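# Observations on chain architecture
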Amino acid sequence: MPGYADLAIYDDVLPSPASPFRTLEYEHYLGFFNSSVLVSMEAWHFGFAHHGMGDLAAQLPIAESLKDRILTLDQAANLVPRLAYVTFLGNAQRLLPYFEKRRIPFILQLYPGGSFEPNVAASDEHLRKVAMSPLCRRIITTQTITSKHLLEKIGCDASKIEFIYGGVFDSNVKFSFERDKKLFGRDKDTIDICFVAHRYSNNFAQKGYDQFVEVARALASDERFRFHVVGDYTPDDIPLGSAELVTTYYGAQKNAFFDSFYSSMDIVLSPNHPAGLGCGAFDGFPTGSCMEAGFRGVVNCITDPLKLNVAFNDGRDIMIIDRNVERTIERLRNVTADPAILYELARANQASFRRVLDIDAQLVARTRVIVEELLQEEQLVTRPSVSLSGLDTADIVNARAASDHAAQSIERLVAENQRLADILNEANRYGVERHDNLFREYEKLVGENQRLADLLNEANRYGVERHDNLFREYEKLVGENQRLADFLKEANRYGEERHDNLFREYEALYKKCEQLAAENTMLAAAQASSLENPDRTADMLLSQYTPEAVVRRQGPARVPEPVTLHAAQDGTHLMAKALHRLRRLFRWKAKM
């Protein structure tokens, strides 16, 4: 087992996978600092107590090459690291005697929870001992109330406090709002509201489960709403009433569950309420579960009774509510009345969370604190050997001889130690210089990663905007196409109608032509025979143009108004005179 390390991370839960935020942070340190180890106090819980160290290490989702640097406290008994790193007050309080005995300087990451209860006497006393220890070099705080309590109540030196808002949670989840988000009205028929929290006591107001149930009962009559509970809560804790048929319980879930779960959720409701305002345990703002939901496009609807919010704007990229149930219900009804407004808020929530709580920025800030402390010069502490008693005269001569020999050996060892110390100093100088160069390169990569992330976000925004514009153009083209189709249909109808009319006129003209052809044939025959028999020809023509013959041949419709039978008889009389003259002409020609 190693006897030295630059950095030793002491933790009670790991390597249990029950605490993913610590896994992300500590894996980064093990990979970044080559001379680093993780020391487990083997105090895991949340249902993993029946597993052993080996089983838990095998399940831990970190690189396999790093797992052999996870040690038990017994295995690290002789380890004297240059710096220790501890998360939560409870762990620091238990480890303080251990650090003092070995003179190990340490950094405390003071998250809410973990035995940190501001203005509770026992907790404040533990915090004061830890913070005032000369071995406590820095305290990382993540909430404004924590920094204020250290300064005003504990009397901590301000130079020890490093405020880094938020926590180490995976903001780089593989989730795209446009690709993965299931939207009401497009992908599903429900608006889904979830409650996600661990249950630590029977005080349901602490996490806000009581208010969640009241909201569910009030909105259950609206068939659009569905409700979801993740955590160790059951339907028997608080009667659901009318909400029972529209509420689903999932129990406690591991981190992998939430990728698909949050893609279908629209709102996470977290009306948590500390036991006493400014006194006792409290939750950070936002909570870990709310951060993970926000990274996946779920609107955060949460309380902030301690005024911890320093980065978000109510109604623009988050919904900040209070413990008034009626006001909460009214705001939920308003924001869900128009799905476009709901999902605009969800997109803004996701963008702000990923910007403010970016995991790379969180890790860079914490790594910088650790590096600054590792670069601090430490004096080598030596303890003098115990003096011999003047009463021990029996072996004084031998003792002095042995002492002289030991002194010579010590001189040689001191010289060798100095030589090794010089080599070590040179190695440390080179390591520090190399580390600084690598750290600068790391910061460049973080900056480049942020730039690429911004470009990707801009490209996504442009893509969505371009898609919307193209869709509107497509809708215009569909409308124009429909108009042309209607116009073509009308033209076809008019063409068919016109064709039918023309065809009927053609048939009438064709019949007329046939009649005219028949009359021409008759007239030709009459002309041919008129020379042979003029009287017969005249009689035949006269018979063809009697009123009765005209009406019979052409039909009543062929006689134009106002022509009558009497007028036709007058015409026939005139025709008879003409034919009589024609008969005389034919006879005259015959005599010729």
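### With respect to the nonpolar core
Core analysis: the biggest nonpolar cluster contains 129 residues, and Tyr-10 and Phe-99 have the highest contact counts within it. If you tally residues by element for this core, the top one is helix 12 (residues 359-374), at eight residues. In this structure Phe-99 touches Tyr-10, Ala-84, Val-86, Ile-104, Phe-106 and Leu-135, once residues within four positions along its chain are discounted.

### Description of the pairing of strand 2 (residues 36-40)
Each regular strand displays side chains that alternate between the two surfaces of the sheet. Of all five residues in strand 2, five are buried, a share of seventy percent or more. Burial along strand 2 is two-sided: the face carrying Ser-36, Leu-38 and Ser-40 and the face carrying Val-37 and Val-39 are both buried. Bridge count between strand 1 (residues 7-11) and strand 2: five bridges; the pairing is parallel. Within strand 2, the position partnered with Ala-8 by the bridge is Val-37. In this structure, strand 2 lies alongside strand 3 (residues 70-72), joined through three bridges in parallel fashion. Within strand 3, the position partnered with Leu-38 by the bridge is Ile-70.

### Observations regarding the pattern of salt bridges
Scanning the model with the defined rule gives 30 salt bridges in all. The partner of Asp-180 in a salt bridge is Arg-179, with the nearest N and O atoms 2.7 Å apart. A salt bridge links Arg-327 to Asp-322, with the nearest nitrogen and oxygen atoms 2.8 Å apart. What emerges from the salt-bridge pattern is a single network uniting Arg-138, Glu-162, Glu-372 and Glu-373.

### Some remarks on a nonpolar patch on the surface
On the surface, Phe-471, Tyr-474 and Val-478 cluster together into a nonpolar patch covering about 310 Å² of accessible area. Locating Phe-471 in the fold gives a position in helix 13 (residues 396-530).

### As for unusual backbone geometry
For the bond running from Phe-285 to Pro-286, omega is -10 degrees, close enough to zero to count as cis. Within the secondary structure layout, Pro-286 lies in the loop between strand 11 (267-270) and helix 9 (288-295). If you check the backbone angles, Arg-103 has positive phi at about 55 degrees while not being a glycine. Within the element layout of this structure, Arg-103 appears in the loop between helix 3 (89-102) and strand 5 (106-110). Residue classification places Arg-103 among the exposed positions, given a relative accessible area of 57%.

### Observations regarding the side chain of Asn-349
As for its placement among the helices and strands, Asn-349 is situated in helix 11 (residues 339-356). Here the side chain of Asn-349 touches Asp-317 through a polar contact of 3.4 Å, landing on its backbone oxygen. Residues in contact with Asn-349, not counting those within four places in the same chain, are Val-298, Val-299, Asn-300, Asp-317 and Ile-318.

### Focus: the sheet that holds strand 7 (residues 161-163)
Overall, parallel pairing links the seven strands, which are arranged 3-2-1-4-5-6-7 in an open sheet. Looking at which strands have only one partner, the edges of the open sheet turn out to be strand 3 and strand 7. Neighbour-to-neighbour, the strand axes of the sheet open up by a mean angle of 25 degrees, direction not taken into account. Against the sheet, helix 12 engages strand 1, strand 4 (83-87), strand 5, strand 6 (136-141) and strand 7, with an angle of about 175 degrees to strand 6.

### Considerations on the packing of helix 7 (residues 209-219) against helix 10 (residues 325-337)
One can describe the packing of helix 7 onto helix 10 by two numbers: an axis separation of 10 Å at closest approach and a directional angle of 55 degrees. Taken together, helix 7 and helix 10 sit at an angle that is classed as oblique. In terms of crossing hand, the pair formed by helix 7 and helix 10 is right-handed. For the pair helix 7 and helix 10, contact is made by Gln-211, Glu-214, Val-215, Ala-218 and Leu-219 and by Val-325, Thr-328, Ile-329, Leu-332 and Arg-333, respectively. Of the residues that constitute the contact of helix 7 with helix 10, the class distribution is six nonpolar, two polar and two charged.

### What about the pairing of strand 12 (residues 299-303)?
Of all five residues in strand 12, five are buried; the element is thus mostly enclosed. Residues Val-299, Cys-301 and Thr-303 line one face of strand 12 and the alternating positions Asn-300 and Ile-302 line the opposite face, and both faces are buried. Where strand 11 lies against strand 12, four bridges are found, and the strand directions are parallel. Across the sheet, the residue bridging to Val-268 is Asn-300, located in strand 12.

### Some details on the packing of aromatic side chains
Counted under the stated rule, the structure contains 37 aromatic pairs. When the ring of Tyr-10 is compared with that of Phe-99, the centres are 5.2 Å apart and the planes differ by 75 degrees; the resulting orientation is edge-to-face. Placement of the pair is Tyr-10 in strand 1 and Phe-99 in helix 3, with a sequence separation of 89 residues. Here the two residues Tyr-10 and Phe-99 agree in accessibility, since each one is buried. Taken together, a centroid distance of 6.4 Å and an interplanar angle of 85 degrees make the contact between Phe-21 and Phe-88 edge-to-face. In this pair, Phe-21 is assigned in helix 1 (residues 20-32) and Phe-88 in the loop between strand 4 and helix 3, connecting sequence segments 67 residues apart.

### What about the side chain of Lys-181?
If you trace the backbone, Lys-181 turns up in the loop between helix 6 (177-180) and strand 8 (191-196). In this structure Lys-181 is buried but unpaired, with Asp-266 as the nearest side chain of opposite charge at 4.5 Å. There is a polar contact of 2.3 Å between the side chain of Lys-181 and the backbone oxygen of Met-265. For Lys-181, the side chain forms a polar contact with the main-chain oxygen of Gly-297, separated by 3.0 Å. For Lys-181, the contacting residues outside a window of four places in its chain are Phe-175, Ser-176, Arg-186, Asp-187, Tyr-262, Ser-263, Met-265, Asp-266, Arg-296, Gly-297, Val-298 and Tyr-343.

### Details of helix 1
With 13 residues, helix 1 should cover 18 Å at 1.5 Å per step; its first-to-last C-alpha distance of 18 Å lies within 8% of that length. If you check which residues of helix 1 are buried, you get Phe-21, Arg-22, Thr-23, Glu-25, Tyr-26, His-28, Tyr-29, Leu-30 and Phe-32.

### Focus: the sheet that holds strand 9 (residues 225-230)
A sheet is described by the order of its strands in space; here six strands give the open sequence 10-9-8-11-12-13, paired in parallel fashion. Looking at which strands have only one partner, the edges of the open sheet turn out to be strand 10 (247-251) and strand 13 (319-321). The sheet shows a mean angle of 20 degrees between the axes of neighbouring strands, direction not considered. This element, helix 7, spans strand 8, strand 9, strand 10, strand 11 and strand 13 of the sheet and lies at about 160 degrees to strand 9.

### Digging into the environment of Val-246
Inspection of the secondary structure assignment puts Val-246 in the loop between strand 9 and strand 10. Spatially, the C-alpha atoms of Val-246 and Ser-221 are 9.7 Å apart, while their sequence positions differ by 25 residues.

### As for helix 9
For helix 9, the buried fraction is high: seven of the eight residues fall into the buried class. Along helix 9, the residues that are buried comprise Ser-289, Cys-290, Met-291, Glu-292, Ala-293, Gly-294 and Phe-295. Positive phi shows up at Gly-297, right after helix 9, with a value of about 75 degrees.

Thresholds, definitions, all that
Residues numbered from 1 in each chain as written. Predicted model: local features only at pLDDT ≥ 70, side-chain atom pairs only at ≥ 80, totals over all residues. Heavy atoms only, no water. Core = buried A, V, L, I, M, F, W, Y, C linked by side-chain atoms within 4.5 Å. Buried < 20%, exposed > 50% of the residue type's maximum accessible area, 1.4 Å probe, protein only. Helix = DSSP H or I, 4+ residues; strand = E, 2+ residues; numbered from the N terminus. Contact = heavy atoms within 4.5 Å. Pairing = 2+ DSSP bridges. Salt bridge = Lys/Arg side-chain N within 4 Å of Asp/Glu carboxyl O. Patch = residues over 30% accessible without salt bridge, like charges linked within 9 Å, V, L, I, M, F, W, Y side chains within 5 Å. Areas by Shrake-Rupley, 256 points an atom, 1.4 Å probe, with all protein chains shown as cover. Polar contact = N/O pair within 3.5 Å; in protein donor to acceptor, adjacent residues only side chain to side chain. Axes fitted to C-alpha atoms, helices over the stretch in contact; angles between N-to-C directions. Parallel < 35°, antiparallel > 145°, perpendicular 65-115°, else oblique. Left-handed = near helix turned anticlockwise from the far one by under 90°. Nonpolar A, V, L, I, M, F, W, Y, C, P; charged D, E, K, R; others polar. Phe/Tyr/Trp six-rings, centres within 6.5 Å; stacked < 30°, edge-to-face > 60°. Lys, Arg positive; Asp, Glu negative; His and termini not counted. Expected span 1.5 Å × (residues − 1).

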